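Fold and geometry: a report
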Amino acid sequence: MAFTLQIGDKAPDFKLPATDGKTYGLADFAKSKVLVVFFTCNHCPYVLGSDEVTRASVERFRDKGVAFIGINSNSENTHPTDDFAHMVERMKTHRFPWVYARDKSQNDLDRALEERLAGKRVSVPLTNPIGCNVKWEGQDAHWMPGDACDLV
């Protein structure tokens, strides 16, 4: 699966626990005209600074058949405040008008190894790299080769 879906691509299904105690998948939003899936977290200053802009968008469009789900897939080991308990507390405090779900199953390598060792076909054999780039000698700190992104 490509790191970035193309316009018109079908979203991959999911089953994720949310802060309201329910588990959500794509089928739960089937009656919506549009589903906005956004990736968010508890700690990022950019996210914290845009919460009220997101709230305004939800409030503007939810009565027009648009549903919103924010997915937090950050590692709680890297950022302990991104764990589920903190997500629940954040929603309780801010009363955001969207579904806030937790995706803990972000580790493609573990899944690939488990599938391979069980004699199964690896379900996601190729993924795009994410994270910081290699710092190339003689190049700007953020430079990457043109073919380094969207490899699949």
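1. A word on the sheet that holds strand S5 (residues 99-102)
Read across the open sheet, the 3 strands follow the order S3-S4-S5; overall the sheet is parallel. Here the strands that pair on one side only, and so sit at the sheet edges, are strand S3 (34-39) and S5. Across the sheet, the axes of successive neighbouring strands diverge by a mean angle of 25°, strand direction being ignored. Direction of pairing for S3 relative to strand S4 (residues 66-72): parallel, over a ladder of 6 bridges. Residue pairing in the sheet places Val36 in a bridge with Phe68 of S4. Each of S4 and S5 is contacted by helix H2 (residues 84-94), which is oriented at about 170° to S5, the strand it contacts most.

2. Some points on the packing of aromatic side chains
Tallying each qualifying case throughout the model produces 3 aromatic pairs. With a centroid separation of 5.7 Å and 25° between ring planes, the pair formed by Tyr24 and Phe29 is classed as stacked. You'll find Tyr24 and Phe29 in the same group, each marked buried. Between the aromatic rings of Phe38 and Trp98, the centroid separation amounts to 5.6 Å while the plane-to-plane angle is 80°, which identifies the pairing as edge-to-face. Residue Phe38 is located in strand S3, and its partner Trp98 is located in the loop between H2 and S5; the two are separated by 60 residues in the primary sequence. For the pair formed by Phe38 and Trp98, the shared burial category is buried. Here a set of aromatic residues connected by ring pairs shows up, and it is made of Phe38, Phe96 and Trp98.

3. Details of the pattern of salt bridges
Side chains that carry opposite charge are capable of pairing whenever their charged atoms lie near each other. Counting across every chain of the model gives 4 salt bridges. A salt bridge links Glu52 to Arg55; the nearest nitrogen and oxygen atoms lie 2.8 Å apart. Separated by 3 residues within a single helix, Glu52 and Arg55 lie in helix H1 (residues 45-61), roughly one turn from each other. Of the residues examined, Arg55 reaches a relative accessible area of 14% and is grouped as buried. One network of salt bridges, with partners in common, ties together Glu76, Arg102 and Lys104.

4. Focus on unusual backbone geometry
With a phi angle near 50°, Arg95 is a residue other than glycine that sits in the positive phi range. Within the secondary structure layout, Arg95 lies in the loop between H2 and S5.

5. Considering the side chain of Asp83
Its place among the elements puts Asp83 in the loop between S4 and H2. This buried residue, Asp83, is left without a salt bridge; Arg102 holds the nearest opposite charge, at 7.2 Å. A distance of 2.5 Å separates a polar atom in the side chain of Asp83 from a polar atom in the side chain of His86.

6. Brief notes about the confidence of the model for the chain
Model confidence for the chain is summarised by a mean pLDDT of 83, while 78% of its residues fall at 70 or above. Mean pLDDT in the chain bottoms out at helix H3 (residues 108-117), which sits at 74, and peaks at strand S2 (residues 23-24), which reaches 98.

7. Regarding the pairing of S5
It is a general feature of regular strands that their side chains alternate between the two faces of the sheet. Neither face of S5 is exposed, since Val99 and Ala101 on one face and Tyr100 and Arg102 on the opposite face are all buried. Note that S4 and S5 share 4 bridges and pair parallel. Of the residues in S5, the one forming a bridge with Ile69 is Val99. Regarding the hand of the β-α-β motif, the stretch spanning S4, H2 and S5 is right-handed.

The rules behind these values
Residues numbered from 1 in each chain as written. Predicted model: local features only at pLDDT ≥ 70, side-chain atom pairs only at ≥ 80, totals over all residues. Heavy atoms only, no water. Pairing = 2+ DSSP bridges. Helix = DSSP H or I, 4+ residues; strand = E, 2+ residues; numbered from the N terminus. Axes fitted to C-alpha atoms, helices over the stretch in contact; angles between N-to-C directions. Contact = heavy atoms within 4.5 Å. Phe/Tyr/Trp six-rings, centres within 6.5 Å; stacked < 30°, edge-to-face > 60°. Buried < 20%, exposed > 50% of the residue type's maximum accessible area, 1.4 Å probe, protein only. Salt bridge = Lys/Arg side-chain N within 4 Å of Asp/Glu carboxyl O. Lys, Arg positive; Asp, Glu negative; His and termini not counted. Polar contact = N/O pair within 3.5 Å; in protein donor to acceptor, adjacent residues only side chain to side chain. pLDDT = per-residue confidence, 0-100. Right-handed = clockwise from strand over helix to strand, strands pointing away.

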